[in-house]
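Residue-level structure breakdown
These are the residues of each chain, in order.
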Amino acid sequence: ERDETRAEAAPPPPATPPRPLPLAVAVPAAVLAGLALLVAFPPYGVWPLAPVGVALLAAAAHRRRLRAGAGLGFLTGVAFFAPLLAWTNLHTGYLPWVLLSLLQAAYLALLGAATAWVSPLADRARWCWAPLTGVLWVGQEALRDRTPFGGFPWGRLAFSQGDAPLLRLAAFGGAPLVTFAVAVAGGL
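Residues numbered from 1 in each chain as written. Predicted model: local features only at pLDDT ≥ 70, side-chain atom pairs only at ≥ 80, totals over all residues. Heavy atoms only, no water.

With that settled, the discussion passes to unusual backbone geometry. Note that the residue after Pro42, namely Pro43, is joined by a cis bond; omega there is 10°. Tracing the chain through its elements places Pro43 in the loop between helix 2 (23-40) and helix 3 (49-61). Omega for the peptide link from Thr147 to Pro148 comes to -25°, which places this bond in the cis form. Mapped onto the fold, Pro148 is located in the loop between helix 8 (129-146) and helix 9 (170-187). (Helix = DSSP H or I, 4+ residues; strand = E, 2+ residues; numbered from the N terminus.)

Right, dumping it as structure tokens:
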């Protein structure tokens, strides 16, 4: 009888730590994130896909090491910016287009690394995942809008919301508030 009491009083075994998505799922999710973001912008204009792209990148980079998060963010950036900026090669040639696309993708690599870095906080307090996602996107866009040489704001989440109800928020906080709202929707 004492053995049964001891077995009941024993602490439960430690829970297995949460794991990231398998890499075989995370890599396609990161590429799909970039394509979803692309289709949210004109000429396609399927604005509901912008939060889907945000969610896919967040899920792919969540619980990753910084380098892996950066790599997944970079994949998203290349899938998004290379086709989005294809118009730039009409007057400048292919090399500047490729370099500009890779530079812009590097900002999404920073976003992927930042998402991986804040993952422990999002795991401890699930309610903060959506606002964190919004803050990270707005921060990435603010950096991209200012660097280098005055920045290149093309491809902001807010610019994909031309016909969306969230566009009304621009009257209160401009493009950063619209971006925040779209990213929060993706974080949810």
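Inspection of the entire model under this criterion finds five aromatic pairs. Ring plane angle 45° and centroid distance 5.3 Å describe the contact between Phe41 and Phe80, whose orientation is recorded as tilted. Taken together, the residues Phe41 in the loop between helix 2 and helix 3 and Phe80 in helix 4 (residues 66-84) connect sequence positions 39 residues apart. Of the residues examined, Phe41 reaches a relative accessible area of 5% and is grouped as buried. For Phe80, a relative accessible area of 2% corresponds to the buried category. Ring centres 6.4 Å apart and planes at 25° place the aromatic pair Phe152 and Trp154 in the stacked group. Residue class for Trp154 comes out partly exposed when judged on its relative accessible area of 41%. Through a chain of ring-to-ring contacts, the aromatic side chains of Phe41, Phe80 and Phe81 assemble into a single cluster. (Phe/Tyr/Trp six-rings, centres within 6.5 Å; stacked < 30°, edge-to-face > 60°. Buried < 20%, exposed > 50% of the residue type's maximum accessible area, 1.4 Å probe, protein only.)

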